[in-house]
Amino acid sequence: MADRTDNLTSGNLLGIPETRLPDDFIDVQDTDELAEHGEPREIAARHPESPMVWAVLAQDALTDGDEVTAYAFARTGYHRGLDALRKAGWRGQGPVPASHAPNRGFLRALAMLGETSRRIGDQAEADRVTEFLREADPSLLG
C-alpha cells in the first residue's frame, strides 16, 4: 500500500501530483531547437501555442530595451502555457517540474513575466510570479 501512495503523490508530501505537459506538446522546446527553426517571430506565427517562443521574444525585446513589448510577449507565453497545463490536468496548484523538458517553455515564460513585471514597476505581479515559480519548481529559484 505504501508503494501505491508514493506513486500517487509523485514524491510530493502534499499529495498534489506533478503536472507534465505531453512530450509532443510543441515542436520548439528549447532555445537550441528554436535557433534551428528560424526567426522567433516566424516561429510564433507557426506555433503560437509555444510558451518557449514567446519567452524568447520577451527576452529579445528586453535586450532591445522595449520593456512593455517584452511584458506583452511574456504574458502571452504565460497564458498559452496555462492553457496547456490545464489541458494536461493542472488544477491551479502543484509542481510543474523543470526536469520535464516540455514544461520548460512555460516556466521560462513565467520567469520572464516576473522579470518584465518588475521592470515596468508592477512589484505585486513580480512577487506573485516568484511564489508561483517556488510552488512549480523550487529548484528554479536557487
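Report on the accompanying structure. (Residues numbered from 1 in each chain as written. Predicted model: local features only at pLDDT ≥ 70, side-chain atom pairs only at ≥ 80, totals over all residues. Heavy atoms only, no water.)

## Considering the packing of helix H5 (residues 67-87) against helix H6 (residues 104-119)
Going by this rule: Orientation is described by lines fitted to C-alpha atoms, with helices fitted over the stretch in contact, and by angles between N-to-C directions that extend from 0 to 180 degrees. By the criteria applied, helices consist of DSSP H or I runs no shorter than four residues and strands consist of E runs no shorter than two, each listed in order from the N terminus. Crossings are sorted by hand: turned counterclockwise from the far helix by less than a right angle, the near helix makes the crossing left-handed, and turned clockwise it makes it right-handed. Whether two residues are in contact is decided by their heavy atoms, any of which lying within 4.5 Å being enough. Under the scheme applied here, ten amino acids are nonpolar (Ala, Val, Leu, Ile, Met, Phe, Trp, Tyr, Cys and Pro), four are charged (Asp, Glu, Lys and Arg), and all others, including Gly, are polar.
Viewed as axis vectors pointing N to C, H5 and H6 meet at an angle of 145°, and their least axial separation amounts to 8 Å. As for how H5 packs across H6, the hand of that crossing is left-handed. Two secondary-structure elements touch here, H5 through Glu 67, Ala 70, Tyr 71, Ala 74, Arg 75, Gly 77, Tyr 78, Gly 81, Leu 82 and Leu 85 and H6 through Phe 106, Ala 109, Leu 110, Met 112, Leu 113, Thr 116, Ser 117 and Arg 119. A per-class count over the contact of H5 with H6 returns 11 nonpolar, four polar and three charged.

## Looking at H6
To keep things clear, this is the line we draw: A helix is expected to reach a length of 1.5 Å times the quantity of its residues less one. The cut-offs for exposure are 20% and 50% of the maximum accessible area for each residue type, with area from a 1.4 Å probe on protein chains only; residues under the lower value are buried, those over the upper are exposed, and the others partly exposed.
Taking 1.5 Å of rise per residue, the 16 residues of H6 would be expected to cover 22 Å, and the 22 Å separating its terminal C-alpha atoms lies within 8% of that figure. Taken residue by residue, H6 has Gly 105, Phe 106, Leu 107, Ala 109, Leu 110, Met 112, Leu 113, Gly 114, Thr 116 and Ser 117 as its buried positions. Where the residues of H6 are buried, they touch helix H4 (51-63), H5 and helix H7 (123-136).

## Quick word on the environment of Arg 118
Locating Arg 118 in the fold gives a position in helix H6. Taking the relative accessible area as the measure of exposure, Arg 118 reaches 43% and is therefore partly exposed. Measuring from C-alpha to C-alpha, the distance between Arg 118 and Tyr 71 comes to 9.7 Å, with 47 residues separating the pair along the chain. In this structure Arg 118 touches Gln 123 and Ala 126, once residues within four positions along its chain are discounted.

## What to know about a negative patch on the surface
Note the following rule: Like charges within 9 Å and nonpolar side chains (Val, Leu, Ile, Met, Phe, Trp, Tyr) within 5 Å are joined into patches, using only residues over 30% in relative accessible area that form no salt bridge. In short, Shrake-Rupley with a 1.4 Å probe defines the accessible areas, and a residue's cover is counted only from the protein chains shown. Salt bridges, as used here, are contacts in which a Lys or Arg side-chain nitrogen is within 4 Å of a carboxyl oxygen on Asp or Glu. The charge count treats Lys and Arg as positive and Asp and Glu as negative. His and the chain ends do not count. A charged residue contributes its charge at one atom only: NZ of Lys, CZ of Arg, CG of Asp or CD of Glu.
Where like charges cluster on the molecular surface, the negative patch consists of Glu 39, Glu 42, Asp 60, Asp 64, Asp 66 and Glu 67. Assignment of secondary structure puts Glu 39 in the loop between helix H2 (31-37) and helix H3 (40-46). We classify Glu 39 as exposed; its relative accessible area is 51%.

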